[in-house]
Each structure stands twice: as C-alpha cells, then as structure tokens.
Amino acid sequence: MNCPYCGSSDLRVIDSRHVEEDNTIKRRRECESCKKRFSTFEMIQEASIIVIKKDGSREFFDKNKILRGIVRSCQKRPVSTKQMEEIVSDVEKHILNSPDKEVSSNQIGELVISRLKKLDVVSYVRFASVYREFKDVNSFFDELNSIVESEKEL
Ligand SMILES: [Zn+2]
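The shown structure was predicted, so the numbers you read here are calculated from the model rather than taken from an experiment.

Colleague: Teacher, can you tell me more about the coordination of the zinc ion here?
Modeller: Put simply, a metal with four donors set out as a tetrahedron has ideal angles of 109.5 degrees, and one with six donors set out as an octahedron has ideal angles of 90 or 180 degrees. In the first shell of the zinc ion, the protein supplies Cys3 (SG), Cys6 (SG), Cys31 (SG) and Cys34 (SG), at 2.3 to 2.4 Å from the metal. Bound by 4 donor atoms, the zinc ion shows angles of 106 to 117 degrees at the metal and therefore tetrahedral coordination geometry. Counting gaps between the donor residues of the zinc ion yields the pattern C-x2-C-x24-C-x2-C. Note that Cys6 is positioned in the segment before strand 1 (11–19) and Cys34 in the loop between strand 2 (24–31) and strand 3 (37–43), a separation of 28 residues in sequence.

Colleague: Would you explain the packing of helix 3 (residues 105–119) against helix 4 (residues 121–131) in this entry?
Modeller: In a packed pair of helices, the relevant descriptors are the angle between the two axes and the axis-to-axis distance. One way to put it is that helix 3 packs onto helix 4 with a least axis distance of 8 Å and a crossing angle of 165 degrees. The orientation of helix 3 relative to helix 4 falls into the category roughly antiparallel. In the packing of helix 3 onto helix 4, the handedness of the crossing is left-handed. Between helix 3 and helix 4, the contacting residues are Ser105, Asn106, Gly109, Val112, Ile113, Leu116, Lys117 and Leu119 on the first element and Val121, Ser123, Tyr124, Phe127, Ala128 and Tyr131 on the second.

Colleague: Please explain the pattern of salt bridges as it appears in this structure.
Modeller: Side chains that differ in sign of charge can pair as their charged atoms come close. A complete count under the given rule lists 11 salt bridges for this structure. The salt bridge involving Lys53 is made with Glu59; its shortest N-O contact spans 3.5 Å. Here Lys53 falls in the partly exposed class, since its relative accessible area comes to 29%. The class for Glu59 is partly exposed, based on a relative accessible area of 24%. Glu59 is paired through a salt bridge with Lys65; the nearest N and O atoms lie 2.9 Å apart. When its relative accessible area of 39% is taken as the criterion, Lys65 is described as partly exposed. What you see here is one network of salt bridges that share partners, running through Arg12, Glu30, Glu32, Lys35 and Arg37.

Colleague: Before we go on, may I ask you to explain the sheet that holds strand 1 in this structure?
Modeller: Sheet strands line up and pair through hydrogen bonds in the backbone, either parallel or antiparallel. The strand order across the open sheet formed by 3 strands is 1-2-3, and the pairing between neighbours is antiparallel. Where the open sheet ends on each side, the last strands, each with one partner, are strand 1 and strand 3. Between one strand axis and the next, the sheet turns through 25 degrees on average, direction left out of account. In terms of strand pairing, strand 2 meets strand 3 through 7 bridges, oriented antiparallel. If you follow Glu30 over to strand 3, its bridge partner there is Arg37.

Rules and cut-offs
Residues numbered from 1 in each chain as written. Predicted model: local features only at pLDDT ≥ 70, side-chain atom pairs only at ≥ 80, totals over all residues. Heavy atoms only, no water. Donors = N, O, S within 2.8 Å, 3.2 Å for Na, K, Ca; no water. Tetrahedral: all angles 85-135°; square planar, octahedral: opposite > 155°, others 65-115°. Helix = DSSP H or I, 4+ residues; strand = E, 2+ residues; numbered from the N terminus. Axes fitted to C-alpha atoms, helices over the stretch in contact; angles between N-to-C directions. Parallel < 35°, antiparallel > 145°, perpendicular 65-115°, else oblique. Left-handed = near helix turned anticlockwise from the far one by under 90°. Contact = heavy atoms within 4.5 Å. Salt bridge = Lys/Arg side-chain N within 4 Å of Asp/Glu carboxyl O. Buried < 20%, exposed > 50% of the residue type's maximum accessible area, 1.4 Å probe, protein only. Pairing = 2+ DSSP bridges.

What follows is the structure, given as structure tokens:
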C-alpha cells in the first residue's frame, strides 16, 4: 500500500476499527513522508469465501443464511441451537481449510446434510429435500429407503 498523496510506502496505522454493519476494518493511516492522513476499508477474512450458486452467480459466504436453513429444517425436532451452530462453524472450518476459498452452494448443502444426518433423520430429510430439490416423489422415497436401509445395518 502506498500513500495516495506522495506515493510513499512508509505508512503508519494510527487507528483501527471494526465496522460491524458491513464487516470491514476501517484503518486510519498517516504517511511518514508527507504526514497526510487517509482511511482504508478492508473486508475481514471470513468474508473471503466465495459461494458459487446454482445459476452461476457468486456471493459471499453467509453463515446466518446457512443457519436459517438448518433452523427451518429442525423445527420441533430435538436438535439444540448449539448443535445447529456447531454444524455451521464446522462447515465453515471445512471450507476455510480448502485451498481455493471458493465453494458451490451444492457442496455447502452436502456438508450440512452429512452432519445433520448424524443428529436427526427428520431434520436431515427436510434439509436434503430443499437442497437436492427432489424432482419427484419417487426420488424422495429412494432417499428415505436408503436411510431405512442404513439404519438396519446399524
Ligand atoms: Zn505521503
């Protein structure tokens, strides 16, 4: 980064503040050469995961959006809010560890599905039916059958 006035890279941060509303860090800097001051806004790290949606458009990874989907699927089911939040942060950690901080909405769905499956079958089927967009009743029952089969094996 260089001073916008004289181009010097000799800068000093004099103030740093997290702006909650748009998830940025505002930094007030002073140029050591010309002593002029200016502000910069930086997106904070967690917003750097990009989600590729089914229609090909991109958006920033939004924890709350995923949590809302899980909460909807777990209505009146024995899954605690804490467990739901753990799924979200677990999925986030998983994506952050991937080399290219880009993920498809499908992948996110599958990551949630695999975790929800271990907690509650009904919530899992509800969530999966939204994410996988079961084309017809048959594919929905196929999924149910595969659950019943895997339960038998336990
Ligand atoms: Zn300067």
